[in-house]
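Close look at the chain arrangement
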Amino acid sequence: MTEADFTWTVPVELELPSGLTRRFLNAYDALDFLDAEWPTRRGPAYERALRLCRNALRGSRAAELARSAFIAAAHEAGIAQCSNPQNLVSFLPRTRSAVA
């Protein structure tokens, strides 16, 4: 199984309570966030998102279901989806322009 098997067709971008915006590319990213950083570790949508993200990683072909469940859990926890992609924080190195 490769990462492509559980990567979502459209990333999920959430506006975190800290004011930062974070992008989740796949079920692994979502599961890591749900396990380690989720503000409220309870609720039916949270439990469903955990289960479906784990299933997607096991190869049950539930990646898009896991994405929908993750969005529902975010809504349940009061975490909004990103409305302004300019607020995204990137930790990737910037590309340098060639100097002639």
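Reference entry: report on the structure contained in this document.

Basis of the calculations
Residues numbered from 1 in each chain as written. Predicted model: local features only at pLDDT ≥ 70, side-chain atom pairs only at ≥ 80, totals over all residues. Heavy atoms only, no water. Pairing = 2+ DSSP bridges. Helix = DSSP H or I, 4+ residues; strand = E, 2+ residues; numbered from the N terminus. Core = buried A, V, L, I, M, F, W, Y, C linked by side-chain atoms within 4.5 Å. Buried < 20%, exposed > 50% of the residue type's maximum accessible area, 1.4 Å probe, protein only. Contact = heavy atoms within 4.5 Å. Axes fitted to C-alpha atoms, helices over the stretch in contact; angles between N-to-C directions. Parallel < 35°, antiparallel > 145°, perpendicular 65-115°, else oblique. Left-handed = near helix turned anticlockwise from the far one by under 90°.

1. Side note on the pairing of strand β2 (residues 21–26)
- Where strand β1 (residues 7–15) meets β2, 5 bridges bridge the pair, whose relative direction is antiparallel. By the bridge assignment, E13 is partnered in β2 with R23.
- Joining the antiparallel neighbours β1 and β2 is a turn of 5 residues, in which G19 adopts a positive phi near 100°.

2. Focus on the nonpolar core
- In this structure, W8, L14, L34, W38 and F70 are the most contacted members of the largest nonpolar core, which totals 27 residues.
- The set of elements that each furnish at least two residues to this core consists of β1, α1 (27–36), α2 (44–58) and α3 (63–76).
- Once residues within four sequence positions are removed from consideration, W8 is found in contact with F24, L25, N26, A27, A30, A63, E64, A66, R67 and F70.

3. Examining the packing of α1 against α2
- It is the contact of α1 with α2, at a shortest axis distance of 9 Å, that shows an interaxial angle of 140°. Taken together, the axis directions place α1 and α2 in an arrangement best described as oblique. Helix-helix and strand crossings are classified by hand; for α1 and α2 the assignment is left-handed. Listed contacts from α2 to A27, Y28, A30, L31, L34 and D35 of α1 are Y46, A49, L50, C53, R54, A56 and L57.

4. Concerning the pairing of β1
- As defined by bridge partners, β1 adjoins strand β3 (residues 80–81) across 2 bridges and the pair is classed as antiparallel. Bridge pairing in β3 links L14 to Q81.

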